[in-house]
Amino acid sequence: MRALNDGSVFDKGEQEIYSSIYVYEHTGLVVDYQSIAKYHKDIDTVVIQFMNTTNFDV
């Protein structure tokens, strides 16, 4: 997540192209489970949150 946002995973010029199209974060959702991953540039930190869900109605 950090490498996508700080550009270290890309070749020169690629980050500008991909960042204009994509937001690099992730959410996932399946029955009884949810996840969120987000990069906070201001504090150079990736926060990943996992949650159990109940009474989930897809």
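I will try to describe carefully the structure that is included in this document. (Residues numbered from 1 in each chain as written. Predicted model: local features only at pLDDT ≥ 70, side-chain atom pairs only at ≥ 80, totals over all residues. Heavy atoms only, no water.)

**Considering the environment of Tyr18**
Basically, it comes down to this: Only DSSP runs of H or I covering at least 4 residues are called helices, and only runs of E covering at least 2 are called strands; the numbering of each starts at the N terminus. Buried means the residue's accessible area, taken with a 1.4 Å probe over protein chains only, is under 20% of the maximum for its type, while exposed means over 50%, and partly exposed covers the values in between. Contact definition: two residues touch when any of their heavy atoms are within 4.5 Å.
Summarising the element assignment, Tyr18 is placed in helix α2 (residues 14-19). A relative accessible area of 35% places Tyr18 in the partly exposed class. In the structure, Tyr18 is positioned 24 residues away from Asp42 in sequence and 20 Å away in space, judged by C-alpha atoms. Setting aside residues no more than four positions away along its own chain, Tyr18 makes contact with Phe10 and Tyr24.

**Quick word on the pattern of salt bridges**
Here is the rule: The term salt bridge refers to a pairing of a side-chain nitrogen on Lys or Arg with a carboxyl oxygen on Asp or Glu at a separation within 4 Å.
Inspection of every chain in the model, using the stated rule, returns one salt bridge. In this structure, Asp44 and Arg2 form a salt bridge, with 3.0 Å as the shortest nitrogen-oxygen distance. One end of the pair, Asp44, is in the loop between β2 (33-40) and β3 (45-52); the other, Arg2, is in helix α1 (residues 2-6), and 42 residues separate them in sequence. For Asp44, a relative accessible area of 39% translates into the label partly exposed.

**Observations concerning the sheet that holds β2**
The criterion, for reference: Note: two strands are recorded as paired if DSSP finds a minimum of 2 bridges between them. What counts as an axis is a line fitted to C-alpha atoms, over the stretch in contact for a helix, and the angles between N-to-C directions run from 0 to 180 degrees.
Spatially, the three strands line up as an open sheet ordered β1-β2-β3, and their pairing is antiparallel. A single partner strand is all that each edge strand has here, and the edge strands are β1 (26-30) and β3. Taking the axes of each pair of neighbouring strands and ignoring which way they run, one obtains an average angle of 5° across the sheet. Two elements, β1 and β2, share five bridges in a ladder whose sense is antiparallel. Looking across to β2, one finds that Val30 is bridged to Tyr33.

Honestly, it's all geometry; don't read function into it.
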